[in-house]
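One letter stands for each residue in the lines below.
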Amino acid sequence: HCKNGDLTRKKNNKKKIYFLSFFLNRISNKLFNYFYYLFHKSSIRYLDYEKFFYPLDSISNWNEFYGREGFFQYQFVVPKKFANKCLNEVLKKVSTSKFVCFLATLKMLGKKNNNYLSFAKDGFTLALDFKYNKKILKFFDYLDQIIIKYNGRIYLTKDARLKREQFYNMDYDIKSFKKIRKKLRCSKINSFQSKRLGI
């Protein structure tokens, strides 16, 4: 919350916490969520905007919690009219899978712009963090099909595994983007992602 319109940036004293990724499991995750809920369920507090939007930034090495192999973040956006069904279906699949989501961030986005491959659209976006596991990639493929069913899209900026077939079925204006590339004669300028997705 912003009190009296004050957006003054406060000094952020980052702390370093030493943590063994071995302790990241389904049990520790449930315990953390339980106590976090008890602490926050009835509290009404005013926070500076950085703590509100970027709570993990107060810990300088939060990414090290997942161990040397790091983590995957799966993020998608879905229109408001499908949000309830889509989010329930995705969260149910995650909760019943063998993969543990250690952090979930839900935000509401505004109207989409006219950029052909822009991620934002009028709906809800959900980002899910999972500890690195090669087997989870097939699970993400399954989630992709749910997102497609509800006219959603994957956040390409964070993507390193989306398959071309799923991408072409998502709500992106791919034809217009490829037409512009051809018109500007820049088809030889590519990235690993553009080659994988065929754009």
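Everything that follows concerns the structure shown earlier in this document.
For clarity, every value in this text was computed on a predicted model and none was experimentally measured.

Caption draft 1: Local environment of the nonpolar core. By size, the foremost hydrophobic cluster in this structure holds 34 residues, and its most contacted members are Y74, F76, C86, V90, F130, F140 and F167. Elements represented by at least two residues in this core include exactly β1 (71–79), α3 (80–96), β3 (123–131) and α4 (136–149). No other element matches the seven residues that α4 contributes to this core. Setting aside residues no more than four positions away along its own chain, F140 makes contact with F72, Y74, F130 and R161.

Caption draft 2: Focus on α4. For α4, built from 14 residues, the straight-helix expectation of 20 Å at 1.5 Å per residue is met to within 8% by its first-to-last C-alpha distance of 20 Å. Among the residues of α4, those classed as buried are I136, F139, F140, D141, L143, D144, I146, I147 and I148. Here the buried face of α4 lies against β1, α3, β3, β4 (153–154) and α5 (164–168). Note on α4: the residue one or two positions beyond its end, N151, has a positive phi of about 60°.

Caption draft 3: Main features of the environment of D171. Assignment of secondary structure puts D171 in the loop between α5 and α6 (174–183). Taking the C-alpha atoms as reference points, D171 and N151, 20 residues apart in sequence, are found 6.2 Å from one another. The residues touching D171, leaving out its near neighbours within four places in the chain, are K121, N151, G152 and R153. Polar contacts involving the side chain of D171 include one to the side chain of K121, which spans 2.6 Å.

Caption draft 4: Summary view of the sheet that holds β3. Ordered in space as β2-β3-β1-β4, the four strands form an open sheet in which the pairing is antiparallel. Unpaired on one side and paired on the other, β2 (101–108) and β4 mark the two borders of the sheet. Strands β1, β2 and β3 of the sheet are contacted by α3, whose axis makes an angle of about 150° with β1. Of the strands in this sheet, β1, β3 and β4 touch α4, which is tilted by about 5° from β1.

Caption draft 5: Looking closely at the packing of aromatic side chains. Inspection of the entire model under this criterion finds ten aromatic pairs. For the pair Y74 and F76, a centre-to-centre distance of 6.1 Å together with 55° between the ring planes defines the contact as tilted. On the basis of relative accessible area, Y74 is assigned to the buried category, the value being 2%. A centroid spacing of 5.5 Å and a plane angle of 40° characterise the contact between F99 and F139, whose relative ring orientation is tilted.

Caption draft 6: How the structure looks around a nonpolar patch on the surface. A cluster of nonpolar side chains, namely Y116, I180 and L184, defines an oily patch on the protein surface of about 270 Å² accessible area. Structurally, L184 can be placed in the loop between α6 and α7 (192–197). A relative accessible area of 59% means that L184 is categorised as exposed.

Caption draft 7: A look at the packing of α3 against α4. For the pair α3 and α4, the least separation of the axes is 10 Å and the interaxial angle reads 165°. The angle between the axes of α3 and α4 places the two elements in the roughly antiparallel class. Judged by the sense of rotation from one axis to the other, the crossing of α3 with α4 is right-handed. Within the contact between the two elements, α3 uses C86, E89, V90, K93 and V94 and α4 uses F139, Y142, L143, I146, I147 and K149. When its residues are assigned to classes, the contact of α3 with α4 shows eight nonpolar, no polar and three charged.

Caption draft 8: View of the pairing of β1. Most of β1 is tucked away: seven of the nine residues are buried. Two elements, β1 and β3, share nine bridges in a ladder whose sense is antiparallel. Each bridged residue has a counterpart across the sheet, and for V77 the counterpart in β3 is T125. Inspection of the sheet shows β1 paired to β4 by two bridges, in the antiparallel sense. Paired with V77 across the two strands is R153, which belongs to β4.

Procedures and definitions
Residues numbered from 1 in each chain as written. Predicted model: local features only at pLDDT ≥ 70, side-chain atom pairs only at ≥ 80, totals over all residues. Heavy atoms only, no water. Core = buried A, V, L, I, M, F, W, Y, C linked by side-chain atoms within 4.5 Å. Buried < 20%, exposed > 50% of the residue type's maximum accessible area, 1.4 Å probe, protein only. Helix = DSSP H or I, 4+ residues; strand = E, 2+ residues; numbered from the N terminus. Contact = heavy atoms within 4.5 Å. Expected span 1.5 Å × (residues − 1). Polar contact = N/O pair within 3.5 Å; in protein donor to acceptor, adjacent residues only side chain to side chain. Pairing = 2+ DSSP bridges. Axes fitted to C-alpha atoms, helices over the stretch in contact; angles between N-to-C directions. Phe/Tyr/Trp six-rings, centres within 6.5 Å; stacked < 30°, edge-to-face > 60°. Patch = residues over 30% accessible without salt bridge, like charges linked within 9 Å, V, L, I, M, F, W, Y side chains within 5 Å. Areas by Shrake-Rupley, 256 points an atom, 1.4 Å probe, with all protein chains shown as cover. Salt bridge = Lys/Arg side-chain N within 4 Å of Asp/Glu carboxyl O. Parallel < 35°, antiparallel > 145°, perpendicular 65-115°, else oblique. Left-handed = near helix turned anticlockwise from the far one by under 90°. Nonpolar A, V, L, I, M, F, W, Y, C, P; charged D, E, K, R; others polar.

Everything listed is a geometric property; what it means functionally is a separate question.
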